[in-house]
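Inside the fold
Next come the chains, spelled out residue by residue.
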Amino acid sequence: AQSVTQPDIHITVSEGASLELRCNYSYGATPYLFWYVQSPGQGLQLLLKYFSGDTLVQGIKGFEAEFKRSQSSFNLRKPSVHWSDAAEYFCAVGPYGGSQGNLIFGKGTKLSVKP
Amino acid sequence: GAVVSQHPSWVICKSGTSVKIECRSLDFQATTMFWYRQFPKQSLMLMATSNEGSKATYEQGVEKDKFLINHASLTLSTLTVTSAHPEDSSFYICSAVPSGRNTGELFFGEGSRLTVL
């Protein structure tokens, strides 16, 4: 079955500390991988995506993610968290070359940032 | 660029009434838009794919007579929840793909929160 697992429902980090949000996926074909961020009352904004090539991808707002095929993981990282990063983060997987809307989303990880 | 707007942001209605939610691409044309439903502490679930000028494609388990989708122009798709019931209360989100621009990115609206009393 196709699925995305974000094991951490809620994470709290101190401002300036490093961050890693975990994402594991189960997908039968070559996947597109995405990380989206959702602020309260807002839609989703794309942070970064992986289609092919370099397995370490850089995104907006200083985020990066590393695709590890052997571990079926696509973890999101940021070296130094800012208070404005507090939001909900969603990992998603989609069919390579398929319908872009047909993404499978994880349940999300809520990030809180302590001053 | 690539802004998607939904209206209304939130709506409260009585059970049995119908509610229409609009999804507009403000600065691009979108042949295809998507409608999702998000329950509290859950992920987004794709409900249907809205295609301009043709019938929407619904995901398995989504009642097409319950959730009417119309995509009459390249910048507007509407979702009508007919005869709404409390179990239809949810956060509805749309997304759009700019026509002719396949970057793999979806642009999401800000969502519409529906509460059915």
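Coordinates for the structure precede this section.
Residue positions are given per chain, counted from 1 along the sequence in the order it is written. The naming scheme follows written order: chains are lettered A onward, ligands numbered 1 onward. Given that this is a predicted model, residues contribute local features only at a pLDDT of at least 70 and side-chain atom pairs are listed and counted only at 80 or more, while totals for whole chains, interfaces and linings are drawn from all residues. Side-chain numbers here rest on the full set of heavy atoms in the structure, without hydrogens or water.

**Some thoughts on the pairing of strand 11 (residues 112-116) of chain B**
Residue and element names in this part refer to chain B. Formally: Think of it in three bands: with a 1.4 Å probe and only protein chains considered, a residue is buried below 20% of the maximum accessible area for its type, exposed above 50%, and partly exposed in between. Helix and strand labels come from DSSP, where a helix needs a run of H or I of at least four residues and a strand needs a run of E of at least two; each type is numbered from the N terminus. When DSSP finds at least two bridges between two strands, those strands are taken to pair.
Here strand 11 shows a buried face lined by Ser112, Leu114 and Val116 and an unburied face lined by Arg113 and Thr115. As judged from the four bridges shared by strand 2 (residues 10-13) and strand 11, these two strands associate in the parallel manner. When the sheet's bridge partners are listed, Ile12 is paired in strand 11 with Thr115. The sheet contact formed by strand 9 (residues 90-97) and strand 11 spans three bridges and is antiparallel. Following the sheet pairing, Phe91 is matched in strand 11 by Arg113.

**Some points on unusual backbone geometry**
Look at the link from His7 of chain B to Pro8 of chain B: it is a cis peptide, with omega at 0°. One can find Pro8 of chain B in the loop between strand 1 (4-7) and strand 2. Its identity is not glycine, yet Ser72 of chain A carries a phi of approximately 50°, on the positive side. Locating Ser72 of chain A in the fold gives a position in the loop between strand 8 (64-68) and strand 9 (73-78). With a relative accessible area of 26%, Ser72 of chain A lands in the partly exposed category.

**Thoughts on the pattern of salt bridges**
The test is simple: In what follows, salt bridge is the name for a side-chain nitrogen of Lys or Arg lying within 4 Å of a carboxyl oxygen of Asp or Glu.
Summed over all chains, the structure comprises six salt bridges over all chains. The residue Arg22 of chain A makes a salt bridge to Asp8 of chain A at a minimum N-O spacing of 3.0 Å. Here Arg22 of chain A is found in the loop between strand 3 (19-21) and strand 4 (24-26), whereas its partner Asp8 of chain A is found in the loop between strand 1 (3-5) and strand 2 (10-14), with 14 residues between them in sequence. Glu22 of chain B is the partner of Arg24 of chain B in a salt bridge, and the nearest nitrogen-oxygen pair spans 3.5 Å. Classification of Arg24 of chain B as partly exposed rests on a relative accessible area of 35%. Given the relative accessible area of 23%, Glu22 of chain B is considered partly exposed. Each of Glu64, Glu66 and Arg77 of chain A takes part in one network of salt bridges that share partners.

**Let's talk about the sheet that holds strand 3 (residues 19-25) of chain B**
All names here are of chain B. Rules: To define axes, lines are fitted to C-alpha atoms, for helices over the stretch in contact only, and angles between the resulting N-to-C directions are given on a 0 to 180 degree scale.
An order of 1-3-8-7 is seen for the four strands of this open sheet, with the pairing classed as antiparallel. Only two strands of the sheet have a single partner each, and these edge strands are strand 1 and strand 7 (67-73). Strand-to-strand twist of the sheet, defined as the mean angle between neighbouring strand axes without regard to direction, takes the value 15°. With five bridges connecting them, strand 7 and strand 8 (residues 76-81) associate as antiparallel partners. Note that in strand 8 the partner of Asn70 across the bridge is Thr78.

**Concerning the layout of surface pockets**
Keep this limit in mind: Cavity: a set of points on a 1 Å grid over the protein atoms alone where a 1.4 Å probe fits but cannot get out. Pocket: an open set with protein on both sides within 12 Å along at least five of seven lines, its lining residues, like those of a cavity, having an atom within 4 Å of a point. Grid points are joined across faces, edges and corners, and a volume is the space filled by probe spheres set on the points.
Quantified by volume, the largest pocket comes out at close to 590 Å³. If you trace the largest pocket, you find 22 residues lining it, with Gln38, Glu88 and Lys110 of chain A together with Gln38 and Lys41 of chain B closest to the centre. Per element, the largest residue contribution to the lining of the largest pocket is three residues, and it comes from strand 10 (residues 87-95) of chain A. If you go around the second largest pocket, you meet 14 residues; those closest to its centre are Leu44 and Gln45 of chain A together with Ala2, Phe107 and Phe108 of chain B. Counting residues per element, the ones that place at least two in the lining of the second largest pocket are strand 6 (44-50) of chain A together with strand 10 (107-108) of chain B.

**With respect to the state of the cysteines**
So the rule is basically this: Note that a disulfide, as used here, is simply two cysteine sulfur atoms within 2.5 Å.
Applying the stated criterion across every chain yields a total of two disulfides over all chains. For Cys23 of chain A, the disulfide goes to Cys91 of chain A, at an S-S distance of 1.9 Å. Given an S-S torsion of about -65°, the disulfide between Cys23 of chain A and Cys91 of chain A has left-handed geometry. With Cys23 of chain A in the loop between strand 3 and strand 4 and Cys91 of chain A in strand 10, this residue pair connects regions lying 68 residues apart in the sequence. Under the relative-accessibility criterion, Cys23 of chain A is labelled buried at 0%. Take Cys13 of chain B: it sits in no disulfide, and the sulfur closest to it among the cysteines is that of Cys94 of chain B, at 19 Å.

So, to be careful, I would describe these as geometric facts and stop short of saying anything about function.
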